[in-house]
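Summary of structural features
Letter by letter, the chains look like this.
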Amino acid sequence: MSSKEEHESSVLFHRVSHPLNEHSKLTEEQLNKYETWKTQPAMAQIKLEFIDFDHEVRLSIEHLNENDKKIAAETNNSETNDSTEPKKKKFKGQNRKHLEINAKSSTANENNHHLCFFVVRGGLDKCPYKSSCKHSHDLSNYLTQRPADFDKNCYMFDVYGQCFYGILCRFGQSHIDPITGHNKIVARLNQTYVESLNKYPPLLKHFLRRKKYDYKLSDHLTKIANKLITKVNVAKRNNPTAADENQDDKEKEDRSLPDETEILPPDVDAIDDDQQAPQVSRPIPFRTLGTITDVDMIRLKPREKVRIDFNRRLYLAPLTTVGNLPFRRICKEYGCEITCGEMAMTTSLLQGQMSEFALLRRHPSETIFGVQLCGSFVDTMTRTVQLLEENFDYDFIDLNCACPIDLVYKKGAGCALTRRTIDFERICRSVSCLSTRPITIKLRTGIMTGENNAHEIVSLAKSWKSDCDDNHVVDLFTLHGRSKEMRYSKSADWNYVNECAKLSNPIPFYGVGDIYAFEDYYKRLDETSVSGCMIARGALIKPWLFTEIKEQRTWDISAGERFDMLKRYTNYGLEHWGSDQSGVEKTRRFLLEWFSFLYRYIPVGLLERLPHRLNERPPYFFGRNDLETLMSSKLCSDWVKLTELLLGKVSSGFHFLPKHKANAYG
């Protein structure tokens with residue numbers, strides 16, 4: 001952030017362009033409108049002095065593509081024409097082409113002169129392609145065409161003393177020699193750079209791309225699971241009465257999967273150093289001399305699980321797109337205890353897609369971190385779990401049975417998995433047998449509204465137990481109190497959540513939905529049988545909700561404190577995605593996606609009634625200063641202005657359309 005941009009943000013913070021409303025100067029029509037808003041349901045009650053009665057409802061056409069500009073212009077013209085009734089336009093919520101629009105914008109913003117990254121990191125000798133490399137190796141030529149920096153201060157260099165992007169850094173004035181392009185390195189005694197975990201190993205990428213990864217363990221386990229579970233279901237179908245009578249006696253014998261050493265075929269050894277060692281990226285334990293520790297005395301059995309205490313922990317839900325690593329770091333700073341990565345598709349992981357493996361990245365500050373998997377078949381699920389067990393660091397696996405997206409649902413994954421109970425059981429039992437980490441399941445109340453089936457899934461999964469230690473296959477249930485059909489249009493059904501929580505005992509059970517204040521959190525804990533509450537959209541709109549819950553207070557956070565939070569997110573984004581042109585654009589786009597939720601926050605000092613509910617829509621209002629007003633804008637163009645205060649100006653061809661646009665306001 002340059003000194004000029006810092007001055008602009010300071011001016012916005014101290015300037016108040018809109019004076020407060022005075023009751024005596026308002027017209028009778030405005031006062032009547034205010035009284036109507038106070039009694040209208042699902043309407044947030046804003047103090048009279050902050051309501052913007054003269055707000056002109058016009059769509060901004062800045063940063064939109066040509067087709068959307070035409071629709072927005074027609075909408076604006078119809079709203080200004082008083083003689084005819086405005087015609088409804090199908091502009092709201094149509095964000096299906098956001099990937100195409102944003103991708104074209106990113107391509108247009110790229111510099112035509114690409115410098116080889118190997119040359120930047122280690123010199124000409126480090127590039128494996130030599131003369132056949134499609135990128136430039138001419139450092140002096142790049143210096144003449146290098147674009148101007150966004151700022152002279154680089155976050156990575158200021159904190160850690162080294163920027164790994166060197167001459168490609170868009171904030172490199174402080175660490176780049178303007179003549180030679182040499183990257184400076186300064187030792188920082190009080191700060192040591194710690195890389196994020198779960199990076200995609202090159203050797204693993206080689207095996208997956210060439211389909212040479214050894215899945216004999218998971219494949220043999222899948223065959224046993226299919227054989228045992230199919231045998232029991234065929235017996236039930238042929239003789240239901242006899243099957244029910246003998247279920248209690250034979251269930252443990254017929255439907256329990258064996259231990260890892262028992263499921264291996266004769267031609268596969270339990271430990272095959274020649275085949276498995278090259279695939280494992282985690283360090284192998286070795287014998288040591290000295291004091292005997294608890295780790296030496298209390299060693300796990302071959303397939304014994306590590307247990308996690310899930311009771312009353314602050315749990316951040318896995319959030320697609322916006323629940324990235326920099327956002328999770330922000331939530332950890334505010335007091336979050338359990339984090340989970342974004343939903344990863346098992347088929348994409350097995351294909352070796354780098355974009356999917358990026359969802360598994362973990363920051364060292366995430367003390368309890370889970371990986372959420374979404375798949376529809378037992379073979380892909382077990383293969384993915386074996387892949388994760390042998391190569392990545394995480395604390396638990398969350399099976400997604402709650403995704404309402406039609407693209408996922410039509411493939412038999414997400415919500416659809418709860419209707420395929422036989423396949424669902426195969427997946428849960430196989431994954432639990434293969435994994436040494438706890439297995440959690442995320443559910444919705446059902447597919448259609450009024451046709452809840454989550455209680456059936458909870459009762460069924462509760463009956464599954466491991467043969468070796470008699471523990472439950474599932475270690476935690478989380479239930480979103482809405483159906484697939486509802487999405488977010490109605491309030492979560494916490495009465496039904498409570499019913500399912502009672503059925504799950506003694507397995508921990510978390511409820512999800514409409515937690516937006518510390519009063520909501522403790523009310524659900526006191527009035528229901530849940531072990532805790534998972535927080536999703538509430539954390540996206542106000543990440544400091546975790547602090548409010550811990551301290552049991554309502555935080556009237558200022559616009560300056562919120563802007564400082566955005567600064568930290570920007571710095572974490574540049575550290576995670578990079579400070580080159582590509583990393584800056586990724587940071588900007590993910591920040592803009594987050595703004596599609598952040599703008600919905602209503603400052604506490606502007607509210608007449610507390611606590612504010614998640615789905616309550618406010619009338620148009622202005623803040624206590626211009627920065628607070630700008631942060632409350634619902635226009636994408638205003639969000640872009642905020643990113644320009646943090647990441648510099650956007651190019652003339654920049655377009656942005658948010659991915660998420662929920663059916664409900666909240």
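Read on for a plain summary of the structure. (Residues numbered from 1 in each chain as written. Predicted model: local features only at pLDDT ≥ 70, side-chain atom pairs only at ≥ 80, totals over all residues. Heavy atoms only, no water.)

Some thoughts on the overall build of the chain
Looking only at helices and strands, the chain has 29 helices and nine strands in total. Counting only contacts in the chain whose residues sit at least 6 apart along the sequence, the fraction spanning at least 24 positions is 73%. Of the roughly 33100 Å² of accessible surface on the chain, 50% is carried by carbon and sulfur atoms. (Helix = DSSP H or I, 4+ residues; strand = E, 2+ residues; numbered from the N terminus. Contact = heavy atoms within 4.5 Å. Areas by Shrake-Rupley, 256 points an atom, 1.4 Å probe, with all protein chains shown as cover.)

Points about the nonpolar core
With 134 residues, the main nonpolar core has Phe327, Phe357, Phe477, Phe509, Phe546, Leu566 and Trp594 as its most contacted residues. Once residues lying within four places of it in the same chain are set aside, the contact partners of Leu566 are Leu591, Trp594, Phe595, Leu598, Met631 and Leu646. (Core = buried A, V, L, I, M, F, W, Y, C linked by side-chain atoms within 4.5 Å. Buried < 20%, exposed > 50% of the residue type's maximum accessible area, 1.4 Å probe, protein only.)

Description of the pairing of strand S5 (residues 396-401)
Burial analysis of S5 places six of its six residues in the buried class, the great majority of the element. Burial along S5 is two-sided: the residues Phe396, Asp398 and Asn400 and Ile397, Leu399 and Cys401 are all buried. Across four bridges, the pairing between strand S4 (residues 368-374) and S5 is parallel. The residue of S5 that forms the bridge with Gly370 is Phe396. Traced from S4 through helix H18 (residues 378-391) to S5, the parallel crossover comes out right-handed. As paired elements, S5 and strand S6 (residues 439-444) share five bridges and run parallel to each other. (Pairing = 2+ DSSP bridges. Right-handed = clockwise from strand over helix to strand, strands pointing away.)

Let's talk about the state of the cysteines
One pass over the full model with this rule turns up zero disulfides. Cysteine Cys428 remains unbridged, with the sulfur of Cys401 as its closest cysteine sulfur at 6.3 Å. (Disulfide = S-S within 2.5 Å.)

Remarks on the pattern of salt bridges
In this structure the tally under the stated criterion is 26 salt bridges. Across the pair Arg146 and Asp149 runs a salt bridge, and its minimum N-O distance is 2.9 Å. Looking at Asp149, the relative accessible area reads 16%, which means it is buried. Among the salt bridges present, the one from Arg362 reaches Asp393, with a minimum N-O distance of 3.6 Å. Of this pair, Arg362 sits in the loop between helix H17 (354-357) and S4 while Asp393 sits in the loop between H18 and S5, placing them 31 residues apart in sequence. (Salt bridge = Lys/Arg side-chain N within 4 Å of Asp/Glu carboxyl O.)

Quick word on the packing of helix H26 (residues 559-577) against helix H29 (residues 636-647)
At a minimum axis distance of 10 Å, the contact between H26 and H29 shows a crossing angle of 65°. Relative to H29, the crossing made by H26 is right-handed. Of the residues in H29, those touching H26 at Phe563, Leu566, Lys567, Thr570 and Leu574 are Leu645, Leu646 and Leu647. Residues that form the contact of H26 with H29 fall into these classes: six nonpolar, one polar and one charged. (Axes fitted to C-alpha atoms, helices over the stretch in contact; angles between N-to-C directions. Left-handed = near helix turned anticlockwise from the far one by under 90°. Nonpolar A, V, L, I, M, F, W, Y, C, P; charged D, E, K, R; others polar.)

Considering the environment of Gly335
Looking at where Gly335 falls in the secondary structure, it is placed in the loop between helix H15 (325-333) and strand S2 (338-340). Along the backbone, Gly335 and Glu548 are 213 residues apart, and their C-alpha atoms lie at a distance of 9.2 Å. When neighbours within four sequence positions are excluded, Gly335 is seen to be in contact with Leu314, Phe546 and Lys550.

What about the pairing of strand S8 (residues 509-512)?
Burial of S8 is two-sided: the residues Phe509 and Gly511 facing one way and the residues Tyr510 and Val512 facing the other way are all buried. Since strand S7 (residues 476-480) and S8 lie parallel, the crossover through helix H22 (residues 494-504) that links them has a hand, and here it is right-handed. Of the strand pairs in this sheet, S8 and strand S9 (residues 532-535) are connected by three bridges, and their pairing is parallel. Across the sheet, Gly511 pairs through a bridge with Cys533, a residue of S9. Crossover handedness for the path S8 to helix H23 (residues 518-527) to S9: right-handed.

Quick word on helix H20 (residues 421-434)
For H20, spanning 14 residues, the distance from its first C-alpha to its last is 20 Å, which sits close to the expected 20 Å at 1.5 Å a residue. For H20, the tally of buried residues reaches eleven of 14 residues, placing the bulk of the element in the interior. Every buried residue of H20 is listed here: Phe424, Glu425, Arg426, Ile427, Cys428, Arg429, Ser430, Val431, Ser432, Cys433 and Leu434. (Expected span 1.5 Å × (residues − 1).)

Some thoughts on the side chain of Ser531
Position of Ser531 relative to the elements: it lies in the loop between H23 and S9. Sequence-distant contacts of Ser531, that is, excluding residues within four places in its chain, are made with Phe310, Asn311, Arg312, Pro508, Phe509, Tyr510 and Leu525.

As for the packing of aromatic side chains
Under the criterion given, the structure shown has 21 aromatic pairs. Ring centres 5.8 Å apart and planes at 75° place the aromatic pair Tyr315 and Tyr510 in the edge-to-face group. In this pair, Tyr315 is assigned in strand S1 (residues 315-316) and Tyr510 in strand S8, connecting sequence segments 195 residues apart. One exposure class covers both Tyr315 and Tyr510, and it is buried. Aromatic pair Trp577 and Phe590: ring centres 4.6 Å apart, planes at 5°, arrangement stacked. Separated by 13 residues along the polypeptide, Trp577 in helix H26 and Phe590 in helix H27 (residues 581-598) bring together distant segments of the chain. By relative accessible area, which is 23% here, Phe590 ends up partly exposed. Taken together, the ring pairs connect Phe310, Tyr315, Phe396 and Tyr510 into an aromatic cluster. Its end group placed over the ring of Tyr394, Arg437 keeps NZ or CZ at 4.4 Å from the ring centre. (Phe/Tyr/Trp six-rings, centres within 6.5 Å; stacked < 30°, edge-to-face > 60°. Lys NZ or Arg CZ within 6 Å of the ring centre and 35° of its normal.)

Geometric values such as these leave the question of function open.
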